[in-house]
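The primary structure of each chain is shown beneath.
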2 protein chains.
Amino acid sequence: MTTRDDCLALDRADELAHFKQEFALPAGIVYLDGNSLGARPKAALQRARQVVEQEWGEDLIRSWNKAGWFELPGRLGDKLAPLIGAQPGEVVVTDTTSVNLFKALAAALRMQAENPATAQRRVIVSERSNFPTDVYIAQGLAQWLDSGYTLRLVDAPEELPQAIDASVAAVMLTHVNYRSGRLLDMPGLTAHAHAQGALIVWDLAHSAGALPVELEQANADFAVGCTYKYLNGGPGAPAFIWVPKRHQARFGHPLSGWWGHANPFAMSSEFAPHPGIARALCGTQPITSLAMVEVGLDMYARTDMAALRRKSLVMTDLFIGLVEERCAGQPLTLDTPREHGLRGSHVSFTHPQGYAVMQALIGRGVIGDYREPGIMRFGFTPLYLSYADVWDAVDTLADILQRQAYDAGATRSAVT
Amino acid sequence: MTTRDDCLALDRADELAHFKQEFALPAGIVYLDGNSLGARPKAALQRARQVVEQEWGEDLIRSWNKAGWFELPGRLGDKLAPLIGAQPGEVVVTDTTSVNLFKALAAALRMQAENPATAQRRVIVSERSNFPTDVYIAQGLAQWLDSGYTLRLVDAPEELPQAIDASVAAVMLTHVNYRSGRLLDMPGLTAHAHAQGALIVWDLAHSAGALPVELEQANADFAVGCTYKYLNGGPGAPAFIWVPKRHQARFGHPLSGWWGHANPFAMSSEFAPHPGIARALCGTQPITSLAMVEVGLDMYARTDMAALRRKSLVMTDLFIGLVEERCAGQPLTLDTPREHGLRGSHVSFTHPQGYAVMQALIGRGVIGDYREPGIMRFGFTPLYLSYADVWDAVDTLADILQRQAYDAGATRSAVT
């Protein structure tokens, strides 16, 4: 049996433990939902204050230059790049994941349509269990292009190699599944897609900041992701898009707004795309939300991602092991792979009363979240969670389940 | 001759003067760029602090429900609606003006394509002098739809009636021109477009909060606009989109992200649009920037828009008159119509050394902005400007021009 003292011993040896003090975590809470909304770095408040009070209030319009507002998407992109295995000048932080996915997928389809070898391809491959917005965006794009694109959704990752055949124009996959926490084989699937002549777009929503990502090494084509989960950018903080240098000259998308122009202040009436990554921009960005993203990225600049991954895997192993020890006999099903190579940084268990149990957990200060059907998700963010937190969370879960201390009739309202 | 004392007398009689104390304006500055970035309401800092410290930091993921984050786009939309002559349930605050324009224009083209009477139409009409992003978005959309859409750009508003003929699918116009400040005839042009079987999209970037707008009364089809200018929402604050109830059931656009779904938390793999205005949403919104928009809207809820318009016109008349008195003989050309019915709430003068003169003005605390070619823009925001401010601005301009106290060789860097 693992004891709480064992966990405390792990905490004493934890090389990342010092980061916890940089976060403003409420007292009495074990926060296991950093995979949905990352906790607040203490410095974010000061940064917001600086933007609102000084940059907006005092410097007003001059801040576009003086405070570098106009350069923020690229400056933050350069800071984010090393976390996803990308180069400077290949990433911008901007818009939403949905909008960026639209740009990337549109660009991929256009590149294929302009290549005589692939011009006839009309299939987009994804997973049915992908995060809904990814699937909806692909549906929206396919429906609006008048050339008969269809979406081929597989029911399990094992079907992907067969589904990605020589009829496929583009593959769009989420690296870590939002429900199961399963990690896909980015290098393998990318190589397979390329062997079939397809381009591949990766959604890193649940992997950027959660584990080392190596886009360039995998030779991926495009990627998008969000900054408000593991990267602790703040609620709904702008997302990112990665376009490697080798694709930038051919990267075109229909959201050709003025921030993507080669010379936005010339105010020309003809759109001409910026030669570099700025062509992935569209309109004016929400500066206060955007500026806070930098605080989380600056913390990651001091983080050893290999150490973060080690801690993440020890934590998720610990959580799975403790739940299975302490909640034995309860109708819990592990949705997350046990194999490290297939695991992101969250763990999901299905329970017939998953919604009610999660509400009871939250009521007792253990905050995870719930996803249909019956799935309780627990996110493990190595920067601000301790091993004792993991022990305490399972202790609470075991108590709730053993005493059936949840409202079995609870019905679900809107929860994210 | 109008004297500064005359202006002070106007200030004493100004029924809107009390609003100025609600803004955090830096000392020694006359801020005539609220048409580009509105000044900061004092309460915005407290609102940002509440979102960052309490809602994000303390309540974490629970704020999606507890703080109503998920409902913010619609709640703010309902507060914005009366300012543009719209109904509750017809406006959401979300994304950027560029992205919203893409949605509205795409929806308009699709509606026309699905109507047998207009299905063959392939022309979009706009003005060459429209704000560049509007034109670029139309270019991007036209290029990506494979059905041969073309953009017909007129060189002067007088050409619009002729250009809007029975070949036109959609008209996309900005109500107040960003350079000249010229106000278009919304009811007349809307009626003309409809008589020709075209749909019309209005960009209210320079009119929402600047003057009374009556979308419903004009029977307009769609509108977009921004909240960071006259509405004082903060730098790059999210934009808005209006879809009247009569068009909502047919309003479809390709950016079908999960926030536009009828039941986003069912996590279905099939997109089904929300029955109401929420179908105009796409992805997760930047909450901190979004929340601050409410502060400006709450101030407008206490503003008599007819009084605001009266003050705006007196101020712009005063400015034009004083410039012509005090700068007589200088090579200044008024770009803004003298007729009230054709004027928004900013005034532009062209000067051969416009850029250098504007830099000199800014150096002396009179902040306007510059637009190519040679255009100095001065925005008049009745909520926080006094008539004495107008006098002081012209006094400074007259002094700079008379003494040629500007660097005639100044070259332009990025300025917004």
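Reading the values: rules and limits
- Residues numbered from 1 in each chain as written.
- Chains lettered and ligands numbered in written order.
- Predicted model: local features only at pLDDT ≥ 70, side-chain atom pairs only at ≥ 80, totals over all residues.
- Heavy atoms only, no water.
- UniProt positions renumbered as here; feature names shortened; annotations may be inferred.
- Least-squares fit on C-alpha atoms with pLDDT ≥ 70 in both.
- Contact = heavy atoms within 4.5 Å.
- Salt bridge = Lys/Arg side-chain N within 4 Å of Asp/Glu carboxyl O.
- Helix = DSSP H or I, 4+ residues; strand = E, 2+ residues; numbered from the N terminus.
- Buried < 20%, exposed > 50% of the residue type's maximum accessible area, 1.4 Å probe, protein only.
- Pairing = 2+ DSSP bridges.
- Right-handed = clockwise from strand over helix to strand, strands pointing away.
- Buried area = accessible area lost by both parts, 1.4 Å probe.
- Polar contact = N/O pair within 3.5 Å; in protein donor to acceptor, adjacent residues only side chain to side chain.
- Domains from an automatic or database assignment.
- Core = buried A, V, L, I, M, F, W, Y, C linked by side-chain atoms within 4.5 Å.
- Expected span 1.5 Å × (residues − 1).
- Axes fitted to C-alpha atoms, helices over the stretch in contact; angles between N-to-C directions.
- Parallel < 35°, antiparallel > 145°, perpendicular 65-115°, else oblique.
- Left-handed = near helix turned anticlockwise from the far one by under 90°.
- Nonpolar A, V, L, I, M, F, W, Y, C, P; charged D, E, K, R; others polar.
- Bend = angle between axes of the 7 residues up to and from the residue.

If you look chain A up in an unreviewed UniProt entry, it shows as Kynureninase from Candidimonas nitroreducens. The Subunit (unreviewed entry) field of the UniProt record for chain A holds the comment "Homodimer." Here chain A is described in UniProt, under the heading Function (unreviewed entry), as follows: "Catalyzes the cleavage of L-kynurenine (L-Kyn) and L-3-hydroxykynurenine (L-3OHKyn) into anthranilic acid (AA) and 3-hydroxyanthranilic acid (3-OHAA), respectively."

J.: I'm lost on the relation of the copies chain B and chain A in this one. Help?
T.: Note that the two copies of the chain are related through a rotation about an axis and a translation along the same axis. Taken as rigid bodies, chain B and chain A are interconverted by a rotation of 180 degrees and an axial shift of 0.0 Å, the fit giving an RMSD of 0.0 Å. Both copies are brought into coincidence by an operation consistent with a two-fold rotation axis. A share of 100% of interface residues in chain B that are also interface residues in chain A marks the association as one of identical surfaces.

J.: It is not clear to me how the pattern of salt bridges should be interpreted in this structure. Could you clarify?
T.: Side-chain pairs of opposite charge can arise whenever the charged atoms involved come near each other. Under the counting rule described, the total for this entry stands at 45 salt bridges over all chains. One salt bridge in this structure joins A:Asp14 and A:Lys311, with 2.5 Å as the shortest N-O distance. With a gap of 297 residues between them, A:Asp14 in the loop between helix H1 (4-12) and strand S1 (30-31) and A:Lys311 in helix H12 (residues 305-326) connect regions that are remote in the sequence. Just as A:Asp14 is buried, A:Lys311 falls in that class too. Across the salt bridge formed by B:Arg4 and B:Asp392, the nearest N and O atoms sit 2.6 Å from each other.

J.: Help me understand the pairing of strand S3 (residues 123-127) of chain A in this model?
T.: Regular strands place their side chains on alternate faces of the sheet. Residues and elements named next belong to chain A. The buried fraction of S3 amounts to five of the five residues, a majority that puts the element mostly inside the structure. The side-chain alternation of S3 yields two buried faces, one formed by Val123, Val125 and Glu127 and the other by Ile124 and Ser126. Of the pairings in the sheet, the one linking S3 to strand S4 (residues 150-154) comprises five bridges and is parallel in character. Among the inter-strand pairings, Val123 is bridged to a residue of S4, identified as Thr150. A crossover connection joins S3 to the parallel S4 through helix H6 (residues 132-144); in handedness this β-α-β unit is right-handed. As paired strands, S3 and strand S5 (residues 168-174) are joined by three bridges and run parallel to one another. Looking at the pairing, Val123 lines up with Val168 of S5.

J.: In this structure, what is going on with the interface of chain B and chain A? I would like to understand it.
T.: By a widespread convention, an interface's size corresponds to the accessible area lost as its parts come together. Tallying the contact residues gives 88 residues for chain B and 88 residues for chain A. Per-residue buried area on chain B facing chain A is highest for B:Trp56, B:Tyr136 and B:Trp144; these three make up 12% of the total on that side. Counting across the interface, chain B meets chain A through zero salt bridges. Applying the counting rule to chain B against chain A returns 23 residue pairs in polar contact (both at pLDDT 80 or more). Breaking the side of chain B that touches chain A down by element, the ones donating at least two residues are helix H2 (42-58), helix H3 (63-66), helix H5 (97-113), helix H6 (132-144) and helix H11 (287-300) of chain B. In terms of residue count, the dominant contributor to the side of chain B that touches chain A is H6(B) (10 residues).

J.: Is there a simple way to think about the domain arrangement of chain A in this case?
T.: All names here are of chain A. Assigned domains of chain A: these are domain 1 (4-42 + 304-403) and domain 2 (68-301). The C-alpha-based centres of domain 1 and domain 2 are spaced at 29 Å. With 33 residues of domain 1 at the interface, the matching set in domain 2 holds 23 residues. For the pairing of domain 1 and domain 2, the buried interface totals around 2,200 Å² over both sides, and the portion due to carbon and sulfur atoms is 63%. For the domain 1 face of the interface with domain 2, the top three residues by lost area are Pro41, Met305 and His346, together amounting to 22%.

J.: What exactly am I supposed to notice about the nonpolar core here?
T.: One recurring pattern in soluble globular proteins is that nonpolar side chains are buried together. Core analysis: the biggest nonpolar cluster contains 308 residues, and A:Ile84, A:Trp202, A:Leu204, B:Ile84, B:Trp202 and B:Leu204 have the highest contact counts within it. In this structure A:Trp202 touches A:Leu173, A:Thr174, A:His175, A:Leu184, A:Asp185, A:Met186, A:Leu189, A:Thr190, A:Ala220, A:Phe222, A:Ala223 and A:Val224, once residues within four positions along its chain are discounted.

J.: Honestly, the UniProt feature "binding site: pyridoxal 5'-phosphate" (unreviewed entry) in chain A in this entry has me stumped. Any pointers?
T.: All names here are of chain A. Sequence positions flagged by UniProt for "binding site: pyridoxal 5'-phosphate" (unreviewed entry) are, in local numbering, Thr97, Ser98, Phe131, Pro132, Thr133, Asp134, Thr174, Asp203, His206, Tyr228, Trp258 and Thr284. A maximum C-alpha distance of 30.1 Å shows the annotated residues, which cover 188 residues in sequence, to be distributed over more than one spot. Within the secondary structure, Thr133 sits in helix H6. Taking the relative accessible area as the measure of exposure, Thr133 reaches 3% and is therefore buried.

J.: Explain H11(B) here, please?
T.: Residues lying three or four places apart along an α-helix face the same way, a consequence of the helix completing one turn every 3.6 residues. For H11(B), built from 14 residues, the straight-helix expectation of 20 Å at 1.5 Å per residue is met to within 8% by its first-to-last C-alpha distance of 21 Å. Most of H11(B) sits out of view: 13 of its 14 residues are buried.

J.: I would appreciate a short explanation of the UniProt feature "modified residue: N6-(pyridoxal phosphate)lysine" (unreviewed entry) in chain A in the present structure.
T.: All names here are of chain A. Residues given the UniProt feature "modified residue: N6-(pyridoxal phosphate)lysine" (unreviewed entry) here are Lys229. Following the sequence through the fold, Lys229 ends up in the loop between strand S7 (222-225) and strand S8 (240-242). Not counting residues up to four positions away in its chain, the partners in contact with Lys229 are Gly34, Asn35, Ser36, Leu37, Gly38, Ala205 and His206.

J.: In this structure, what is going on with the sheet that holds strand S13 (residues 375-379) of chain A? I would like to understand it.
T.: Across a sheet, paired strands are connected by hydrogen bonds in the backbone, their directions being either parallel or antiparallel. Residue and element names in this part refer to chain A. Across the sheet, four strands lie side by side as S9-S10-S13-S12; this open sheet has antiparallel pairing. Looking at which strands have only one partner, the edges of the open sheet turn out to be strand S9 (333-334) and strand S12 (369-371). Note: S12 against S13, three bridges, orientation antiparallel. Note that in S13 the partner of Asp369 across the bridge is Arg377. The strands touched by H12 are S9, strand S10 (346-350) and S13; relative to S10, the strand with the most contacts, the crossing angle is about 25 degrees. The strands that helix H13 (residues 354-363) touches are S12 and S13; relative to S13, the one it contacts most, it runs at about 40 degrees.

J.: What should I look at first to understand the packing of helix H11 (residues 287-300) of chain A against H11(B) in this one?
T.: A pair of packed helices is characterised by two quantities: the angle between their axes and the separation of those axes. Where H11(A) meets H11(B), the axes come as close as 6 Å, and the angle between the chain directions of the two elements is 150 degrees. The orientation of H11(A) with respect to H11(B), classified from their angle, is roughly antiparallel. At the point where H11(A) passes H11(B), the crossing takes the right-handed sense. Across the interface between the two elements, A:Ile287, A:Thr288, A:Ser289 and A:Met292 from H11(A) touch B:Ile287, B:Thr288, B:Ser289 and B:Met292 from H11(B). Looking at side-chain class alone, the contact of H11(A) with H11(B) contains four nonpolar, four polar and no charged residues.

J.: Got a minute to help me understand the sheet that holds strand S9 (residues 333-334) of chain B in this structure?
T.: Residue and element names in this part refer to chain B. Overall, antiparallel pairing links the four strands, which are arranged S9-S10-S13-S12 in an open sheet. The sheet is open, and its two borders are formed by S9 and strand S12 (369-371), each paired with just one other strand. Sitting on the sheet, helix H12 (residues 305-326) touches S9, strand S10 (346-350) and strand S13 (375-379), and the angle it makes with S10 is about 25 degrees.

J.: Would you take a moment to explain helix H2 (residues 42-58) of chain A for this structure?
T.: Between its terminal C-alpha atoms H2(A) stretches 23 Å, which fits the 24 Å expected from 17 residues at 1.5 Å a residue. A bend of about 25 degrees at A:Val51 is the largest found in H2(A). All of the buried residues along H2(A) are A:Ala44, A:Leu45, A:Arg47, A:Ala48, A:Val51, A:Val52, A:Glu55, A:Trp56 and A:Gly57. Those residues of H2(A) that are buried lie in contact with helix H3 (63-66) and H11 of chain A together with H2 and H11 of chain B. Positive backbone phi, approximately 50 degrees, marks A:Leu60, located one or two places after H2(A).

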